[in-house]
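# Fold and geometry: a report
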Amino acid sequence: MQKKSSLVQRDQAVVWHPFTQMKTAEAPIAIAKGKGALLWDEDGKEYIDAIASWWMNLHGHSHPNFAAALKQQAEQLEHVIFANFTHEPAVQIAEKVLSKLPDNQSRFFFSDNGSTAVEVGLKMCFQYWHNIGNPKTKIIAFEGAYHGDTFGAMSVGGRSAFSAPFAPYLFDVLFVEPPLPGQEAESLAAFEQLLDQHQGEIAGFIFEPLVQGSAGMRIYEAAALDPFLAHCKSEDILIIADEVMVGFGRTGSWWASDFLAHDPDIFCLSKGLTGGTMALGATTCSDRIFQAFWSDDKYKTLFHGHSCTGNPLACAVALASFELTNSEKTWEQIRWIEQQHKAFGQQIIGHPKVTNMRQKGVVWAFDLQTPDSTSYFNNIRDEIWQFFIQRGLLLRPLGNTVYVLPPYCITEEQMGKVHEGILALLDSAVGG
Ligand SMILES: *Cc1c(COP(=O)(O)O)cnc(C)c1O
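Residues numbered from 1 in each chain as written. Predicted model: local features only at pLDDT ≥ 70, side-chain atom pairs only at ≥ 80, totals over all residues. Heavy atoms only, no water.

Going by the annotation in an unreviewed UniProt entry, the name recorded for the protein chain is Adenosylmethionine-8-amino-7-oxononanoate aminotransferase, with Saprospira grandis given as the source organism. What the UniProt record of the protein chain gives under Subcellular location (unreviewed entry) is the line "Cytoplasm". What UniProt states about the protein chain under its Pathway (unreviewed entry) heading is, verbatim, "Cofactor biosynthesis; biotin biosynthesis; 7,8-diaminononanoate from 8-amino-7-oxononanoate (SAM route): step 1/1." (UniProt positions renumbered as here; feature names shortened; annotations may be inferred.)

Before going further, it helps to spend a moment on the sheet that holds strand 10 (residues 238-242). Hydrogen bonding along the main chain pairs the strands of a sheet, whether they run parallel or antiparallel. Taken in spatial order, the seven strands make up an open sheet running 4-12-11-10-7-5-6, and their pairing is mixed. In this open sheet, the two strands that pair with only one neighbour each are strand 4 (105-111) and strand 6 (174-176). Neighbouring strand axes in the sheet, compared pairwise and without regard to direction, differ in orientation by 20° on average. Relative to strand 6, strand 5 (residues 138-142) is paired through three bridges, and the arrangement is parallel. Across the sheet, residue Phe-142 finds its bridge partner in strand 6, namely Val-176. Together, strand 4, strand 11 (266-269) and strand 12 (281-286) form the strand contacts of helix 4 (residues 88-100), whose direction differs from that of strand 4 by roughly 135°. Where helix 8 (residues 222-234) meets the sheet, it contacts strand 5, strand 7 (202-207) and strand 10, and its direction lies at approximately 160° from that of strand 7. (Pairing = 2+ DSSP bridges. Helix = DSSP H or I, 4+ residues; strand = E, 2+ residues; numbered from the N terminus. Axes fitted to C-alpha atoms, helices over the stretch in contact; angles between N-to-C directions. Contact = heavy atoms within 4.5 Å.)

Taken as a whole, this structure holds 25 aromatic pairs when the rule is applied. Grouped by ring-pair contacts, the aromatic residues Phe-142, Phe-191, Phe-205, Phe-207, Tyr-220 and Phe-228 constitute a single cluster. Here the basic side chain of Lys-136 rests over the ring of Trp-129, its NZ or CZ set 3.9 Å away from the ring centre. Over the ring of Phe-259 we find Lys-360, and its NZ or CZ is 3.7 Å from the ring centre. (Phe/Tyr/Trp six-rings, centres within 6.5 Å; stacked < 30°, edge-to-face > 60°. Lys NZ or Arg CZ within 6 Å of the ring centre and 35° of its normal.)

The subject of this paragraph is the UniProt feature "binding site: pyridoxal 5'-phosphate" (unreviewed entry) in the protein chain. Mapped onto the present numbering, the UniProt feature "binding site: pyridoxal 5'-phosphate" (unreviewed entry) falls at Gly-114, Ser-115, Asp-242, His-306 and Ser-307. The greatest C-alpha distance among the annotated residues, which extend across 194 residues, is 23.0 Å, indicating that they are dispersed rather than converging on a single site. Relative to the helices and strands, Gly-114 is located in helix 5 (residues 114-131). Among all residues touching Gly-114, those that are not within four sequence positions of it are His-147, Val-244 and Ser-270. Its place among the elements puts Ser-115 in helix 5. For Ser-115, the contacting residues outside a window of four places in its chain are His-147, Gly-148, Asp-149, Thr-150 and Ala-153.

Time to look at the site of the ligand. The ligand sits among Trp-55, Asn-113, Gly-114, Ser-115, Tyr-146, His-147, Gly-148, Glu-208, Asp-242, Val-244, Met-245 and Lys-271. In this structure, an oxygen atom belonging to the ligand sits 3.3 Å away from a side-chain N or O atom of Asn-113. In the model, an oxygen atom of the ligand is placed 2.6 Å from a nitrogen or oxygen of the Lys-271 side chain. Relative to its unbound accessible surface of 380 Å², the ligand loses 85% to contact with the protein. In terms of residue class, the shell around the ligand is made up of four nonpolar, five polar and three charged. (Near = heavy atom within 4 Å. Polar contact = N/O pair within 3.5 Å; in protein donor to acceptor, adjacent residues only side chain to side chain. Areas by Shrake-Rupley, 256 points an atom, 1.4 Å probe, with all protein chains shown as cover. Nonpolar A, V, L, I, M, F, W, Y, C, P; charged D, E, K, R; others polar.)

Okay, here's the thing in structure tokens:
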């Protein structure tokens, strides 16, 4: 047992950490510095951030461009109310992100994080139908989905132990299994059955395109989702793509939805929007949706807003991140990471402890074969976590799923260390 620093002791006296059983959790690691894909704790121990700090970070920690953008903006305008006011960084980031989204996307609504981006998407969807005088009350979502931790976002998330205490307060959602490899036909048939049972009642369909993150990096093919979207188009069901995790290049294209045959009506964005540096969310929509709110009737207003909406500092950093994401160098890195994942995957695919290997873009995962049943609450998760942390690797498993989702700036040497760590795990006693 390591001696706790005074910072950790002070933390433990006052701070309540996310998704953490405070009684049984290990003491938090006090991080003093970050640079590129590396983090250093207060004792100078180095960690490779191979999960991009909860899928947030695109271009590395403490990037000088972000620091410069932040400083310049802070000296110019730190914040202003966004109702009745606007400013350059907000307009610019809206213009730039919309220019990369499918052509049907025409409006950009700011919020603060991924959960609020989803809340806004749901409200746009329900109120669209309300405003055009054809209210619809049902939403379809995927089992195992994760869309955030606020009540609306939780409601459309797969029901689990995480949401159990709030079950009575979550609105009714129609769930189907996602079209994972091997269950495409069943999943589509279940979807079609819901459409039959609830004709004319379904307002929208929300999903994480191609990768269900929290569910354990579950990956499905675009071609498996396309028939769902074709039904939505023909039956006038609004399509809401939650690209909070997969947006900004993670799947090897700007958006996971780029691989789909039908354009979503609404996009939810956050995490990579600021390169994982600042809290910012955005919900974009098509002109058709916007037109349902465009009215002389005040009751058709989208009644939603947060105090920090369109924060200039966050927008300035988002612009700095956009420029980097839009650079050729970044896309070379993305291709290189994809190749690295593939090659390493080939190397370990025959290992008896490796099952269910999968990859989409820079997201790569496998399940560690364990004798007992697999669940998030399984001890194996904590063992894997400890194993990697001791080796200076930030690889935070989801249950027995080990995944790598690095910042795009990760170096060859750092990637090599991640691979060495995984090989060492496979050779260790972890997982029996
Ligand atoms: C992380 C995540 C969210 C929630 O974003 P927060 O910023 O944590 O509120 C929503 N949807 C998906 C797909 C996510 O991965």
